[in-house]
Amino acid sequence: MNQNALAEKKRQIRKAAHAARKAQPAKDAVSQQITNRFVQLAEYVAAQWVMWYVDVRDEVRTRHALPGAVASDKKIVIPYCVDGELQLFLLESLQELEVGMYEILEPREDLRNTASKNVDVKQLDLILVPGVGFDAAGGRIGHGKGYYDKLLENARPETPLISLAFECQMFDEIPMQRHDIFMDKVVTEKRVYDGIGRDRIGGSDKA
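This write-up is about the structure you can find in this document. The structure displayed is predicted, hence computed values, not measured ones. (Residues numbered from 1 in each chain as written. Predicted model: local features only at pLDDT ≥ 70, side-chain atom pairs only at ≥ 80, totals over all residues. Heavy atoms only, no water.)

### As for the overall build of the protein chain
Working step 1: What the protein chain contains, in helices and strands, is five helices and 12 strands.
Working step 2: For 207 residues, the compact-globule estimate of 2.2 N^0.38 gives 17 Å, and the C-alpha radius of gyration of the protein chain, at 16 Å, lies within 12% of that figure.
Working step 3: The burial tally for the protein chain puts 47% of its 207 residues in the buried class.
Working step 4: Taking contacts inside the protein chain between residues at least 6 apart in sequence as the whole, the part at least 24 apart equals 67%.
Working step 5: Carbon and sulfur atoms form 48% of the exposed surface of the protein chain, whose accessible area is close to 10,300 Å².
Working step 6: When the 29 basic and 31 acidic side-chain charges of the protein chain are each reduced to a single mean position, those positions are 4 Å apart. (Helix = DSSP H or I, 4+ residues; strand = E, 2+ residues; numbered from the N terminus. Rg over C-alpha atoms; globule rule 2.2 N^0.38 Å. Buried < 20%, exposed > 50% of the residue type's maximum accessible area, 1.4 Å probe, protein only. Contact = heavy atoms within 4.5 Å. Areas by Shrake-Rupley, 256 points an atom, 1.4 Å probe, with all protein chains shown as cover. Lys, Arg positive; Asp, Glu negative; His and termini not counted. Charge placed at Lys NZ, Arg CZ, Asp CG, Glu CD.)

If you want it as structure tokens, here you go:
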């Protein structure tokens, strides 16, 4: 598949996934099913440092699960974007969040330069990776900005990469390129998909 055809295929998948996600009924209840399934995974139970994210727009809603995660004995980390790069913040209370750009909940500006709040990606034992569309092999398509690709390049090779999705965000196949990373697991309200993970990366001939 040439680059133009690949870009068009990704555009179509993003469009279809956004529409399906927006139309998803009972988002709160279904999101709770998904996050409940996520926190019961062996990978989550075993992890000490866990990167969550705060949901935006029509993503699987994580914010209802964050208070319980923060109250647990785990170190909860959330990402935020600065000049196109993801920074990591140790979240110890939801009072440390405020509404930032694009109406996204982010760490408060006055806390971001606190040394004890800054986390290196190599400290993470599990990374929750948002996305727009997925397939059963753990193929993922994001918004096309590459923020998470850059972050994951520096994660420890053994750190599990897990995504949450509504079942309506699952596709037969996500076109993957050589630099793209497969998820280890994709958790939906219906099941947990076991992905390829970083044992194998995408190939442009596969797309």
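Once the structure has been displayed, the description carries forward.
### With respect to the nonpolar core
Working step 1: Counting residues in hydrophobic clusters, the biggest one holds 50 residues, and the most contacted among them are F38, Y44, W52 and I127.
Working step 2: In terms of nonpolar packing, the next biggest core, distinct from the first, is built from seven residues, I13, V132, I141 and F182 among them. (Core = buried A, V, L, I, M, F, W, Y, C linked by side-chain atoms within 4.5 Å.)

### Some words on the packing of aromatic side chains
Working step 1: Counted under the stated rule, the structure contains three aromatic pairs.
Working step 2: Seen from their ring centres, F38 and W52 are 5.3 Å apart, and the 80° between their planes marks the pair as edge-to-face. Taken together, the residues F38 in helix α2 (residues 27-39) and W52 in the loop between β1 (49-51) and α4 (66-71) connect sequence positions 14 residues apart. For the pair F38 and W52, one class covers both residues: buried.
Working step 3: Its end group placed over the ring of Y44, K74 keeps NZ or CZ at 5.0 Å from the ring centre. (Phe/Tyr/Trp six-rings, centres within 6.5 Å; stacked < 30°, edge-to-face > 60°. Lys NZ or Arg CZ within 6 Å of the ring centre and 35° of its normal.)

### What to know about the pairing of strand β9 (residues 161-164)
Working step 1: Here β9 shows two buried faces, one formed by L161 and S163 and the other by I162 and L164.
Working step 2: Across two bridges, the pairing between strand β6 (residues 126-128) and β9 is parallel. Residue I127 lies in a different strand from β9, and its bridge partner there is L161.
Working step 3: Alignment of β9 against strand β11 (residues 185-187), held across three bridges, turns out to be parallel. By the bridge assignment for β11, S163 is matched with V186. (Pairing = 2+ DSSP bridges.)

### A short note on the pattern of salt bridges
Working step 1: Per the stated rule, a full pass over the model turns up 14 salt bridges.
Working step 2: Among the salt bridges present, the one from R108 reaches D110, with a minimum N-O distance of 2.8 Å.
Working step 3: Take D110: its relative accessible area is 54%, and that puts it in the exposed class.
Working step 4: In this structure, E109 engages R112 in a salt bridge whose closest nitrogen and oxygen atoms are separated by 3.8 Å.
Working step 5: Since its relative accessible area comes to 54%, E109 is described here as exposed.
Working step 6: According to the relative accessible area criterion, R112 is buried, its value standing at 11%.
Working step 7: Taken together, the shared-partner salt bridges connect E43, K185 and D194 into one network. (Salt bridge = Lys/Arg side-chain N within 4 Å of Asp/Glu carboxyl O.)

### Notes on helix α1 (residues 3-23)
Working step 1: In this model, α1 (21 residues) spans 30 Å end to end at C-alpha, consistent with the 30 Å of a helix rising 1.5 Å per residue.
Working step 2: Of all the residues in α1, the buried ones are L6, K10, I13, A17 and R21. The arc that holds the buried residues of α1, viewed along the axis, is 65°, so those residues lie on one side. Facing away from the buried side of α1 by over 90 degrees, the exposed positions are N4, K15, K22 and A23. (Expected span 1.5 Å × (residues − 1). Arc of directions from axis to C-beta.)

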